[in-house]
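# Coordinate analysis (summary)
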Amino acid sequence: MNRYMIVIPAKNRSFVLECDGAKLETLQKLVSGYVETVPSALDATWAREEAARLVLLVDEDGRLKCKAANQKATQLAPADVTANGKLPIVGAAVLMFQRGDELLGFSKHVADTICSEWL
């Protein structure tokens with residue numbers, strides 16, 4: 001089965017992108033920096049398969065680089081992570097799910113559904 005991640009740019013429209021096995025190099029290019037995992041407020045059941053949690057992947061140095069606030073990604077993060085929106089997610093974010101230590105993409109249908117419902 002093909003897997004898809006959801007890319008959430010800070011300024012442009014979110015889109016679904018086919019995963020290449022969640023290679024670190026690809027994720028770093030998408031967020032333009034070193035990847036940090038941030039929990040998502042979306043329940044793991046959104047993955048529609050066995051998942052520990054949904055996660056946002058962001059640039060860990062995004063604030064130091066003065067990247068633009070990403071309101072869509074901030075809305076997907078728990079309030080305690082963003083200090084109720086006072087510390088927004090910045091720069092591009094990628095939404096995937098986690099099973100154990102592994103990051104996985106969604107089925108195409110699930111990725112499209114999440115985009116239409118939340119983004």
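The structure we're discussing is the one just above.
For the structure given in this document, a descriptive report is provided here. All values reported here derive from a predicted model rather than from experimental measurement.

Our next topic: the overall build of the protein chain. A tally of regular secondary structure across the protein chain gives three helices and six strands. At 13 Å, the protein chain has a C-alpha radius of gyration in line with the 14 Å of a compact globule built from 119 residues. If you line up the protein chain on its principal axes, its C-alpha atoms span 40 × 30 × 25 Å. Within the protein chain, the proportion of its 119 residues that are buried is 44%. With 14 positive and 15 negative side-chain charges, the protein chain shows a spacing of 7 Å between the two charge centroids.

By the element assignment, arginine 3 lies in the segment before strand 1 (4-8). A polar contact of 2.8 Å, which involves the side chain of arginine 3, links it to the backbone oxygen of glycine 105. If sequence neighbours within four positions are ignored, arginine 3 has contacts with Leu17, Glu18, Cys19, Glu49, Phe97, Gly105 and Phe106.

Summed over all chains, the structure comprises two aromatic pairs. Summarising the aromatic geometry, the rings of phenylalanine 97 and phenylalanine 106 are spaced 5.6 Å apart at their centres and angled 45° between planes, so their arrangement reads as tilted. Residue classification places phenylalanine 97 among the buried residues on the basis of a relative accessible area of 0%. Classification of phenylalanine 106 by relative accessible area gives buried; the value is 0%. Over the ring of tryptophan 46 we find arginine 48; its NZ or CZ atom is 5.3 Å from the centre of that ring. Note that lysine 108 overlies the ring of tyrosine 4, its terminal NZ or CZ placed 5.6 Å from the centroid.

Below, the discussion takes up the pairing of strand 5 (residues 93-99). Successive side chains on a regular strand alternate, one facing one side of the sheet and the next facing the other. Of all seven residues making up strand 5, six are buried, and the element is well covered by its neighbours. Summarising the sheet, strand 1 and strand 5 pair through three bridges and their orientation is antiparallel. In the strand pairing of strand 5, isoleucine 8 is matched with alanine 93. Examined bridge by bridge, strand 5 and strand 6 (residues 102-104) share three bridges and lie antiparallel to one another. Of the residues in strand 6, the one forming a bridge with phenylalanine 97 is leucine 104.

What follows covers the nonpolar core. Ile6, Ile8, Leu54, Leu56, Leu95, Phe106 and Ile114 are the most contacted members of the largest nonpolar core, which has 23 residues in total. Within the residue set of this core, elements represented by two or more residues are strand 1, strand 4 (53-59), helix 2 (71-76), strand 5 and helix 3 (108-118). When near neighbours in sequence (up to four residues on either side) are disregarded, isoleucine 114 contacts Ile6, Leu42, Trp46, Leu54, Leu95, Phe106 and Leu119. Within the second largest apolar cluster, nine residues are counted, among which are Met5, Cys19, Val55 and Leu57.

Reading the values: rules and limits
- Residues numbered from 1 in each chain as written.
- Predicted model: local features only at pLDDT ≥ 70, side-chain atom pairs only at ≥ 80, totals over all residues.
- Heavy atoms only, no water.
- Helix = DSSP H or I, 4+ residues; strand = E, 2+ residues; numbered from the N terminus.
- Rg over C-alpha atoms; globule rule 2.2 N^0.38 Å.
- Buried < 20%, exposed > 50% of the residue type's maximum accessible area, 1.4 Å probe, protein only.
- Lys, Arg positive; Asp, Glu negative; His and termini not counted.
- Charge placed at Lys NZ, Arg CZ, Asp CG, Glu CD.
- Polar contact = N/O pair within 3.5 Å; in protein donor to acceptor, adjacent residues only side chain to side chain.
- Contact = heavy atoms within 4.5 Å.
- Phe/Tyr/Trp six-rings, centres within 6.5 Å; stacked < 30°, edge-to-face > 60°.
- Lys NZ or Arg CZ within 6 Å of the ring centre and 35° of its normal.
- Pairing = 2+ DSSP bridges.
- Core = buried A, V, L, I, M, F, W, Y, C linked by side-chain atoms within 4.5 Å.

Everything listed is a geometric property; what it means functionally is a separate question.
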